[in-house]
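Remarks on the overall topology
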Amino acid sequence: MRNTWQVWQELTGLLLPVACAGCGRPRTELCTACGAALHGAPARPVRPSPRHPGLPAVYAAAPYENAVRAVLLAHKERGALGLAGALGRALAGCVRAGAGRPGYAGPLLLVPVPSARSSTAARGHDPVRRIAAAAARDLRRAGLPAQVLPLLRQRRAVADQSGLGARQRRANLAGALELTAGGERLLRHELLRHGLLRLGGVVLVDDLLTTGSTLAEAARAVGEAGGVGRESSAHGVCRAAVVAASPTAFEINRN
């Protein structure tokens, strides 16, 4: 028997035609097959090649290709905000796979990688923060205490990353992120209460991993603000979760 939501989707589809963001199938925002491509498989560890020396352990839900790529772009660039729930579900699986040490029962703090203010203004929303919020809700429904803390901000302008190689991206982002004043106070408070960095409770989140430069810079900023230093942030203190990663990042981990 169809539920009320399914009936509502069909009625609105007649008035405002929609198509699957992944494959174009009519009258659904995300079809079953494309949803399975996004979050139907267990999250896996990924790493780019060459690996950024400051990159923490990263888990991803799916390779950035085909339907997954189309869904992420529809949400990010075309304002298909209804996809945030499915993307958040995929991200939540990655957080569960990579966060916390054995026996850790404390809160999970999801720290989204910040977008440039100009990008957020142009899009009309912050896609990573929106996906992170959906992931936190999914985690809480599963009984895991989780919240989103937008601790980071850009301290200087950075060039558009598209078209840059790994070395250029690293130079472009070096020193570009910092904690907000309120974020630094809050992080230190949570460290004293729960030992979150030491126990793996702080998880950096982003929509996509390519070279790893952005997550490495975020890990540096969080690690140094937490008083653990650059070296510790790269070796198990911070964790990271992304919705998708380049296909080669998965291939490397199969060798």
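Residue positions are given per chain, counted from 1 along the sequence in the order it is written. In keeping with the predicted nature of the model, local features appear solely for residues at pLDDT of at least 70, side-chain atom pairs appear and are counted solely at 80 or more, and the whole-chain, interface and lining totals rest on all residues. In computing side-chain values, all of the structure's heavy atoms are included and hydrogens and water are not.

Focus on the packing of helix α4 (residues 84-98) against helix α6 (residues 127-141)
We count it as follows: The convention used is that axes are lines fitted to C-alpha atoms, helices contributing only their stretch in contact, and that angles between N-to-C directions extend from 0 to 180 degrees. Starting at the N terminus, helices and strands are each numbered in turn, a helix being any DSSP run of H or I of at least four residues and a strand any DSSP run of E of at least two. In a left-handed crossing the near helix is turned counterclockwise from the far helix by less than a right angle, and in a right-handed crossing that turn is clockwise. Contacts were defined at the residue level, with two residues in contact if any of their heavy atoms lie within 4.5 Å. As a working rule, the residues Ala, Val, Leu, Ile, Met, Phe, Trp, Tyr, Cys and Pro are called nonpolar, Asp, Glu, Lys and Arg charged, and the rest polar, with Gly in that last group.
Running from N to C, α4 and α6 point in directions that differ by 65°, and their axes come no closer than 7 Å. When you trace α4 past α6, the crossing you get is right-handed. Of the residues in α6, those touching α4 at A84, G85, L87, G88, R89, L91, A92, V95 and R96 are R130, I131, A132, A134, A135, D138 and L139. Class assignment of the residues belonging to the contact of α4 with α6 gives a composition of ten nonpolar, two polar and four charged.

Considering the pattern of salt bridges
Stated formally: Here, a salt bridge means any side-chain nitrogen of Lys or Arg that lies within 4 Å of a carboxyl oxygen of Asp or Glu.
Tallied over the entire structure, the rule returns seven salt bridges. Where E178 meets R155, a salt bridge forms, and the shortest distance between an N and an O atom there is 3.9 Å. In this pair, E178 sits in strand β6 (residues 177-179) while R155 sits in the loop between β5 (152-154) and α7 (166-173), placing the two residues 23 residues apart along the sequence. Salt bridges here are not isolated pairs; linked through shared partners, they connect R96, D138 and R141.

Some remarks on α4
Because each turn of an α-helix spans 3.6 residues, side chains separated by three or four positions in sequence point in the same direction. The condition that has to hold: Under the convention used throughout, the expected extent of a helix is 1.5 Å for every residue step, that is, one less than its residue count. Think of it in three bands: with a 1.4 Å probe and only protein chains considered, a residue is buried below 20% of the maximum accessible area for its type, exposed above 50%, and partly exposed in between.
Compared with the 21 Å implied by 1.5 Å per residue over 15 residues, the 21 Å span of α4 between its first and last C-alpha is a close match. Every buried residue belonging to α4 is among A84, A86, L87, G88, A90, L91, A92, C94, V95 and G98, and all of these are buried.

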